[in-house]
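Coordinate analysis (summary)
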Amino acid sequence: QVHSAFPTPHSTVGMMMAAAKPNNVATRARNAARTARVSCRASRNNSVNVATQLDWKSLATSMDDLSPIEIMDHALATFGDEIAIAFSGAEDVAVIEYAKLTGRPFRVFSLDTGRLDKETYELFDAVEKHYGINIEYTFPDAQECMDLVREKGMFSFYEDGHQECCRVRKVRPLRRQLKTLKAWVTGQRKDQSPGTRAAVPVVEVDPVFEGLDGGEGSLIKYNPMSNASSADVWMFLRTMGVPTNKLHEMGYDSIGCQPCTKPVLPNQHEREGRWWWEDAAGKECGLHSGNIAGQESDDSAGEEGEKQSLYDSVTEMSKADLEALATDASSRPEKGAVGVLYAPWCQFCQALEEDFEAAAAKIGATGEDVKVFKFRADTEREFSADKFQLETFPRIVYIPGKSSTNAKPISYLSEKRTVDDLLTFTKNVSGVEARDYLGFTK
């Protein structure tokens, strides 16, 4: 769940007053920032990295209930001209508006990948004029881009995934930019991409990138929109009358590079318009790859680690039993079986754990003859690929019941993996209804 972290239209006057009188920004923000400012001044005087002076994890917990303007005021008060806002989309315009409302000076940078839509460039221009600022544009290395295109062509990402192109056009330029800063601000929200953005604190030591002082822990990352919803963002943008990307008027929700962005249909999750040809769970380009616990590098995701088990409340199925279930209809439950093929070290499988276990409990509570299982597929990849077309983790599958005319397993590939989404999938493929559309739990 997310809570509304944005002012409603009737509080706009109060925000305007805050902008006109920067010393009157909410008392809570001043109190939250006081310790940071003192430590920051001390660190500058002694040439010590401020990131090492504070307990940022505890600070994130204490700041979680603050509004975006309070979090932004804390960021700008703490880091001054050594922090900058990363700008590309609607949430980032909201972040810039909040920075303006604090009354403090602020910097904005943006990544020009060379593959953006015309409307995005028009938004850059409109934002510069609206706020009277000069965006600090960062570009990919020309030689790296040329080598990639000459070797693989203009659209290689449709064949072998977007990560390599994003690494050249986004991640490495971002790394260079962040090496000039001590902190940065993003417009990330927890609800943007289930499975990758579920762990987005309002402030954190950046788990992936380094800052000006270099080394682990040298960069602080603020996410003031973390607890906001898309509806919150758009109400705020409309209320404040700020520039937005014209592509939003054409059905685009999440906007990136032109070849990798498309409009979404009603009730589709916004991230389904990004990299739609890939497995839905991993739709991050490396810019925020540290959202998932255990992911430490933008150049690699899903390294095998120490974690050996997931979904502890769900029955583990052996290879022999699963093969029998997949090939012998007589061995199946009447309503079939729903399972997750997983790798315990995979961050996306870990992110799915809570929702899958909750869905499994609700399915079991119906009393219907349907089996819920888990299968560790990283140790049986060839078998999993052959029987269930496994390409990436996790893979949720439904094996039809013994009386079904369709004997082939059905894969659930949607990015929507909340409890309700999993139960809706189960209802549609098996007829087992664990929850109706009014939210009544049976």
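What this report covers is the structure whose coordinates are included nearby. (Residues numbered from 1 in each chain as written. Predicted model: local features only at pLDDT ≥ 70, side-chain atom pairs only at ≥ 80, totals over all residues. Heavy atoms only, no water.)

**Details of the overall build of the chain**
- Along its length, the chain carries 14 helices and 11 strands.
- The long-range share in the chain, meaning contacts at least 24 apart out of those at least 6 apart in sequence, stands at 73%. (Helix = DSSP H or I, 4+ residues; strand = E, 2+ residues; numbered from the N terminus. Contact = heavy atoms within 4.5 Å.)

**Some remarks on the nonpolar core**
- Ile85, Phe87, Val127 and Tyr222 are the most contacted members of the largest nonpolar core, which has 44 residues in total.
- Residue assignment for this core shows that the elements contributing at least two residues are helix 3 (56–63), helix 4 (68–79), strand 1 (83–86), helix 5 (90–102), helix 6 (118–131), strand 4 (183–185), strand 6 (220–222) and helix 10 (230–240).
- Residues in contact with valine 127, not counting those within four places in the same chain, are Phe87, Val93, Ile96, Gly132, Ile133, Ile135 and Pro243.
- The next biggest cluster of nonpolar side chains, apart from the first, holds 42 residues, and it includes Val338, Phe383, Phe393 and Tyr412. (Core = buried A, V, L, I, M, F, W, Y, C linked by side-chain atoms within 4.5 Å. Buried < 20%, exposed > 50% of the residue type's maximum accessible area, 1.4 Å probe, protein only.)

**Some details on the sheet that holds strand 2 (residues 108–111)**
- Read from one edge to the other, the open sheet built from six strands follows the order 3-2-1-4-6-5, with strand pairing classed as mixed. Across the chains shown, the open sheet's two edge strands, defined by having one partner strand only, are strand 3 (136–138) and strand 5 (203–205). Put simply, the sheet's adjacent strands are angled 25° from each other on average, direction ignored.
- Of the strand pairs in this sheet, strand 1 and strand 4 are connected by three bridges, and their pairing is parallel. Bridge pairing in strand 4 links isoleucine 83 to alanine 183.
- Strand contacts of helix 3: strand 5 and strand 6, with the helix running at about 170° to strand 5, the strand carrying the most contacts.
- Of the strands in this sheet, strand 1, strand 4 and strand 6 touch helix 4, which is tilted by about 150° from strand 6. (Pairing = 2+ DSSP bridges. Axes fitted to C-alpha atoms, helices over the stretch in contact; angles between N-to-C directions.)

**Observations regarding the state of the cysteines**
- For the structure shown, the criterion picks out zero disulfides.
- With no disulfide of its own, cysteine 165 has cysteine 166 as its nearest cysteine by sulfur position, at a separation of 5.9 Å.
- Summary of cysteine pairing: cysteine 260 is not part of a disulfide, and the nearest cysteine sulfur, belonging to cysteine 257, is at 5.9 Å.
- The exposure class of cysteine 260 is buried, given its relative accessible area of 8%. (Disulfide = S-S within 2.5 Å.)

**Regarding the packing of helix 3 against helix 4**
- The interhelical angle for the contact between helix 3 and helix 4, taken along N-to-C directions, is 145°, at an axis separation of 11 Å. Seen along the crossing, helix 3 lies across helix 4 with a hand that is right-handed. Only Ile71, His74 and Phe79 of helix 4 make contact with helix 3, whose side of the interface consists of Trp56, Leu59 and Met63.
- Residue composition of the contact of helix 3 with helix 4, by class: five nonpolar, one polar and no charged. (Left-handed = near helix turned anticlockwise from the far one by under 90°. Nonpolar A, V, L, I, M, F, W, Y, C, P; charged D, E, K, R; others polar.)

**A word on the side chain of glutamine 177**
- Tracing the sequence through the fold places glutamine 177 in helix 9 (residues 163–178).
- A residue is classified by how much of its surface remains accessible, and glutamine 177, at 10% relative accessible area, is buried.
- A distance of 2.9 Å separates the side chain of glutamine 177 from the side chain of threonine 138, its partner in a polar contact.
- In contact with glutamine 177, other than residues within four places in its own chain, are Phe109, Glu136 and Thr138. (Polar contact = N/O pair within 3.5 Å; in protein donor to acceptor, adjacent residues only side chain to side chain.)

**Structural notes on the pattern of salt bridges**
- This structure, assessed with the given rule, holds 14 salt bridges.
- The shortest N-O distance in the salt bridge between arginine 104 and aspartate 73 comes to 2.6 Å. Of this pair, arginine 104 sits in the loop between helix 5 and strand 2 while aspartate 73 sits in helix 4, and the two are 31 residues apart along the sequence.
- Under the relative-accessibility criterion, arginine 104 is labelled partly exposed at 28%.
- When its relative accessible area of 0% is taken as the criterion, aspartate 73 is described as buried. (Salt bridge = Lys/Arg side-chain N within 4 Å of Asp/Glu carboxyl O.)

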